[in-house]
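# Descriptive structure summary
Read off the chains here:
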Amino acid sequence: MPRAGTNMVELFREELELCGVGPGERVAVLSEGDQLRDYAEAFLTAARALGADVEDVNLRSDGAKSASERIAHLGKNSLTGDRAAMETLKAADLVVDHMLLLFSREQIEIQEAGTRMLLVVEPFEVLERLFPSEDLRRRVEAGEARLAKARTLRFTNAAGTDVTYQLGERPILTEYGYTDTPGRWDHWPGGFLSTIGAKGRGEGRVVMDRGDIVYPHKRMLGEPVEFVVRDGAVADIRGGAEAAELRKFMESYQDPRAYALSHIGWGLNDRCEWTVERPGIGMDGRAYYGNVLFSLGPDTEFGGDNDTECHLDLPMRRCSLWLDDELIVKDGEVIPEDMRAPGR
Ligand code: FE2
């Protein structure tokens, strides 16, 4: 783990080493306009220092958005229709994405070409504090192995949540903060895993409690909000003023696909803090150790065709989660030995 005060090129070089970058590797660094150009330059320098062939793919754009703006409107991006840039990215072994292609068709096309992808958009303070490790990867993959075998996922909390997903043949998305596997995507920082339930299935209710978090809003709820789940989608949102606000937000997309259940999983990064005060898009809440990350909206990341731009990530604390009959998280504590963080 890097020391505090590490400089950017040095930290990025350590990250690229975890990603298996070395001589002969082709690394493309993708950025848009002047967004995160300091990151792009530092990654290019670090990759060169490791002996890699580098490509700076900087899309000219007048309307480049910050990561926080992008995450609220995923799906469409400046790469759409830019075949030259797409071919360069697909020819690389690793693409470092400073643009936030998440949940886009372009990202899927790049991955299908065998290119691995690393998303890096968070503030430097967050990248440094949540720098990944091989131990985090091991624990996330222990979760992945269980998820791959499970047929159902159920989670509850004291506020009244009790919802069950039917798991099918869908892929499992792991995030541990780096990637050395061809075609695989990851996000630095990470530390959680997720999958998606069978389309049109999933029943029960999810009651987010006071103190649970709403992303992309980066907001901590001041009162419970209840989602009634029927046939794999939210049929009703009940509660007070905050429930009404969420309803209004979702209605503003005028897209019935916004209500579909999206990814579901739990967090394993014990260095994350339960806060919305940190800068950035909010990986602290999403990867928080022992959370359940409930989510609504698109399923393109899992091979589906729901590319709605409305995507809510809703991490919840103190839940209990089962895969079939095995207890994975109990009141926010991770139970299986091989997934537990050192000292937990
Ligand atoms: Fe999400």
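Conventions and cut-offs
- Residues numbered from 1 in each chain as written.
- Predicted model: local features only at pLDDT ≥ 70, side-chain atom pairs only at ≥ 80, totals over all residues.
- Heavy atoms only, no water.
- 1 Å grid on protein atoms, 1.4 Å probe; cavity = no way out; pocket = protein on both sides within 12 Å on 5 of 7 lines; lining within 4 Å.
- Points joined across faces, edges and corners; volume = space filled by probe spheres on them.
- Helix = DSSP H or I, 4+ residues; strand = E, 2+ residues; numbered from the N terminus.
- Nonpolar A, V, L, I, M, F, W, Y, C, P; charged D, E, K, R; others polar.
- Domains from an automatic or database assignment.
- Salt bridge = Lys/Arg side-chain N within 4 Å of Asp/Glu carboxyl O.
- Buried < 20%, exposed > 50% of the residue type's maximum accessible area, 1.4 Å probe, protein only.
- Contact = heavy atoms within 4.5 Å.
- Buried area = accessible area lost by both parts, 1.4 Å probe.
- Polar contact = N/O pair within 3.5 Å; in protein donor to acceptor, adjacent residues only side chain to side chain.
- Axes fitted to C-alpha atoms, helices over the stretch in contact; angles between N-to-C directions.
- Parallel < 35°, antiparallel > 145°, perpendicular 65-115°, else oblique.
- Left-handed = near helix turned anticlockwise from the far one by under 90°.
- Pairing = 2+ DSSP bridges.
- Donors = N, O, S within 2.8 Å, 3.2 Å for Na, K, Ca; no water.
- Tetrahedral: all angles 85-135°; square planar, octahedral: opposite > 155°, others 65-115°.
- Core = buried A, V, L, I, M, F, W, Y, C linked by side-chain atoms within 4.5 Å.

### Quick look at the layout of surface pockets
Empty space within the largest pocket amounts to approximately 290 Å³. Along its surface, the largest pocket is lined by 16 residues, and Gln111, Pro171, Leu173, Gly183 and Glu301 are the ones closest to its centre. Those elements that provide at least two residues to the lining of the largest pocket are helix H5 (105-112) and strand E7 (173-175). Sorting elements by how many residues they give to the lining of the largest pocket places H5 first, with four residues. For the lining of the largest pocket, the residue count by class is six nonpolar, six polar and four charged. Both domain 1 (8-121) and domain 2 (132-339) contribute no fewer than three residues apiece to the lining of the largest pocket.

### Thoughts on the pattern of salt bridges
Side chains that differ in charge, positive against negative, can pair when their charged atoms come close. On inspection of all chains with the given rule, the structure shows 36 salt bridges. Two residues, Asp305 and Lys199, come together in a salt bridge whose shortest N-O distance is 3.2 Å. In this pair, Asp305 is assigned in the loop between strand E16 (292-296) and strand E17 (312-316) and Lys199 in the loop between strand E9 (192-195) and strand E10 (203-208), connecting sequence segments 106 residues apart. As far as the burial class goes, Asp305 and Lys199 line up, both exposed. Residues Arg219 and Glu242 are paired through a salt bridge, measuring 3.5 Å at the closest nitrogen-oxygen approach. Residue Arg219 is located in strand E12 (residues 219-220), and its partner Glu242 is located in helix H8 (residues 241-251); the two are separated by 23 residues in the primary sequence. Judged by its relative accessible area of 32%, Arg219 falls in the partly exposed class. When salt bridges with common partners are traced through the structure, they connect Glu125, Arg129, Glu273, Arg278 and Asp284 into a single cluster.

### What to know about the domain arrangement of the protein chain
The domains assigned to the protein chain are domain 1 (8-121) and domain 2 (132-339). Opposite the 29 residues of domain 1 that make contact, domain 2 presents 27 residues. The junction of domain 1 with domain 2 conceals about 2400 Å² of combined surface from both sides, 60% of it contributed by carbon and sulfur atoms. For Asp307, the salt bridge goes to Arg105, with nearest N and O atoms at 3.3 Å. Taken together, the connections running from domain 1 to domain 2 amount to nine residue pairs in polar contact (both at pLDDT 80 or more). Of all elements in the fold, only helix H1 (8-18), helix H3 (67-71), H5 and strand E4 (116-119) reach the threshold of two or more residues within the side of domain 1 that touches domain 2.

### Regarding the packing of helix H4 (residues 83-91) against H5
Relative orientation of the contacting elements H4 and H5 amounts to 40°, with a least axis distance of 9 Å. Considering their axes alone, H4 and H5 lie oblique with respect to each other. The handedness of the crossing between H4 and H5 is right-handed. Residue-level contacts link Arg83, Met86, Leu89 and Lys90 of H4 to Glu106, Glu109 and Ile110 of H5.

### A short note on the pairing of strand E13 (residues 225-230)
In terms of burial, E13 is a largely internal element, five of the six residues being buried. Two elements, E10 and E13, share five bridges in a ladder whose sense is antiparallel. Bridge assignment links Gly204 to a residue of E13, and that residue is Val229. Pairing of E13 with strand E14 (residues 233-239) involves six bridges; the strand directions are antiparallel. Paired with Arg230 across the two strands is Ala233, which belongs to E14. Between the antiparallel neighbours E13 and E14 lie two residues, among them Asp231 with a positive phi of about 50°.

### Concerning the coordination of the iron ion
Taken together, His263 (NE2), His311 (NE2), Asp313 (OD) and Asp313 (OD) make up the protein donors of the iron ion, found 2.1 to 2.6 Å from the metal. Classification of the site at the iron ion as irregular follows from its four donor atoms and the range of 53 to 122° in their angles at the metal.

### Quick word on empty space enclosed by the protein
Within the structure shown, the criterion is met by two cavities of 30 Å³ or more. Taken as a whole, the second largest cavity encloses approximately 40 Å³ of empty space. Within the lining of the second largest cavity, the residues separate by chemical class into four nonpolar, two polar and four charged.

### Observations concerning the nonpolar core
Of all hydrophobic cores here, the largest spans 72 residues; its most connected members are Phe155, Phe227, Trp266 and Phe294. A per-element tally of this core places helix H2 (residues 37-49) first, with seven residues. Counting 31 residues, the second largest nonpolar core, distinct from the first, contains Met86, Met99, Leu102 and Ile196.

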